[in-house]
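Listed below, chain by chain, are the residues.
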Amino acid sequence: MASLSVKPGQRFTMPDWQNNSLLISADAEQQRYNSHHIRQEGRALRNETGNQARWDEHNTRTCLNDRITSVDRWREALARCLTDTDLEIDALTKVKEAAENALQAKNLCLDVAIECLTFRESRRDIDVVRDPVEEELLREVKVIEKTKSELQQRVDEAFKQLCLLKEARQQLNCDHRHKVETLELDRQCVSFNVTSGNISFKVKPTRIPDGTTALREWELNSQCNKDRAEAEMRASVDLRGAITLSIAQTNNELDAQRIATEFALRKRIRDMEAALSELRWQEQNTLEEIAEMEEEIRQLEEDLRKRTLDLKVAHTRLETRTYRPHVELCRDQAQYGLTDEVQQLEGTIRALQQKRTESQDALDALYRQLHRIQTDIGYKTNSLQLDNKCMDTRRKLVIPVEKFEPEVDAVNRTRNLPRNSQLEL
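Residues numbered from 1 in each chain as written. Predicted model: local features only at pLDDT ≥ 70, side-chain atom pairs only at ≥ 80, totals over all residues. Heavy atoms only, no water.

Student: Describe the packing of aromatic side chains, with residues and values.
Tutor: Applying the stated criterion across every chain yields a total of zero aromatic pairs. Above the plane of the ring of Trp 218 lies Arg 67, whose end atom (NZ or CZ) is 3.8 Å from the centre. Directly above the aromatic system of Phe 119 lies the positively charged group of Lys 389, at a separation of 5.2 Å from the ring centroid. (Phe/Tyr/Trp six-rings, centres within 6.5 Å; stacked < 30°, edge-to-face > 60°. Lys NZ or Arg CZ within 6 Å of the ring centre and 35° of its normal.)

Student: Requested: an account of the layout of surface pockets, with residues and values cited.
Tutor: Rolled over the atoms, a probe as big as a water molecule pinpoints where empty space is left. As a volume, the largest pocket reaches approximately 410 Å³. Lining the largest pocket are 15 residues; nearest its centre among them are Arg 67, Thr 182, Thr 213, Ala 214 and Trp 218. The element contributing the most residues to the lining of the largest pocket is helix H2 (residues 132–191), with six residues. When grouped by side-chain class, the residues that make up the lining of the largest pocket number five nonpolar, six polar and four charged. Counted as a void, the second largest pocket has a volume near 330 Å³. Around the second largest pocket, the lining residues are Glu 57, Thr 60, Arg 61, Leu 64, Cys 189, Val 190, Phe 192, Asn 193, Val 194 and Ile 199. Mapped by element, the contributors of at least two residues to the lining of the second largest pocket are helix H1 (14–120) and H2. Residue contributions to the lining of the second largest pocket peak at four residues, all from H1. (1 Å grid on protein atoms, 1.4 Å probe; cavity = no way out; pocket = protein on both sides within 12 Å on 5 of 7 lines; lining within 4 Å. Points joined across faces, edges and corners; volume = space filled by probe spheres on them. Helix = DSSP H or I, 4+ residues; strand = E, 2+ residues; numbered from the N terminus. Nonpolar A, V, L, I, M, F, W, Y, C, P; charged D, E, K, R; others polar.)

Student: Got a sec to walk through the UniProt feature "coiled-coil region" (unreviewed entry) in the chain? Specific residues and values, please.
Tutor: Sequence positions flagged by UniProt for "coiled-coil region" (unreviewed entry) are, in local numbering, residues 134–161, 269–310 and 342–369. As annotated, residues 134–161 has a helix share of 100% and a strand share of 0%, and its two end C-alpha atoms lie 40 Å apart. Annotated as 100% helix and 0% strand, the span residues 342–369 places its first and last C-alpha atoms 39 Å apart. (UniProt positions renumbered as here; feature names shortened; annotations may be inferred.)

Student: Residues and numbers for the nonpolar core, please.
Tutor: The biggest cluster of nonpolar side chains holds 27 residues, and the ones touching the most others in it are Ile 144 and Leu 265. Of all the secondary structure elements, the ones that give two or more residues to this core are H1, H2, helix H3 (215–321) and helix H4 (333–393). Broken down by element, the residue count for this core peaks at eight residues, all from H1. The contacts of Leu 265, once residues within four sequence positions are left out, are Val 133, Asp 387, Cys 390, Met 391 and Arg 394. Counting residues in hydrophobic clusters, the runner-up holds 21 residues, among them Ala 102, Leu 162, Ala 229 and Met 233. (Core = buried A, V, L, I, M, F, W, Y, C linked by side-chain atoms within 4.5 Å. Buried < 20%, exposed > 50% of the residue type's maximum accessible area, 1.4 Å probe, protein only. Contact = heavy atoms within 4.5 Å.)

Structure, rendered in structure tokens:
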């Protein structure tokens, strides 16, 4: 009898078989429906995401172009402001150099005034007087020092303003350079597309880098840099005008003071020459009076010698008559006459001696006066030479330095003189 090699599996009924077929058909249709629905959704999603991507890229490109336009406009504005700032820096530098040259020129004026004062310190005795020339020279020194102080202040202000301008220019230049770099980067971003060879995924591309600023802050920064540069340029223009005015005013003040000083110096020289002329006239008259007084003293001494001899004769007569014998020794008219003669001669000799003493005192006084006159003539001659030397020294203020040949460089103060310019106050 035949037998199966394996145990038969579970047996299904026909309804189970039919149900299984229906279930498979239903599942197949459901899967196809699901697949169709997913395909429709995928197609819609592709269309939507494609359109959104194209729109986003277009919007991004438009924003980049707008940003490039805005940045380029600011770049041009900053470039113009940079050019104006450079021009203003050059103009202020030239005015500052002009002020420094004017300040340097004042050194010659100050040296000349101090040299004149130093010359006049060599005056002697009564000629060391606070005269109008010295007052004008001292006033001139004060005016020069005042003008130097003003010019130095202007130079310092110009230096500070140049520093501010250069600082503003540096900020402008930095901002301008950053905008140039930004334009290059944004234009490079505009040029990127899906076929570019240098595109790739980046790590955290949406991160916010440190130092990121807001758009309003960016605009305010550029506007502040531009406004500051323009404000510094306006201040520089005002300062240039003030410096130019200061140079003109200081030159006018020094010119007026120089004229006043030289006027006083010329007047002093004329007065000194007149005083010298008067002193020389007094010297001549005093010499003549001395000669006459010496002759008078000689005559007085001669008369005194004669009266002394007469007195000796009278004394001898009286002494001789004392030896008359006995009654002959009487007080006769001759005795009275000799006595009167002796008394008269003694009085005459005393008067002559007194007059000789007075005459000698007067002669000594004349000699002292002559010495005083001659000493004063020496003082005034020295003072006149010093004032003439001052006039010669002051020629350096109106004669080109290279053509000036001073007679004596007594104090060796004229230094750092301009080389190829005529000093005009």
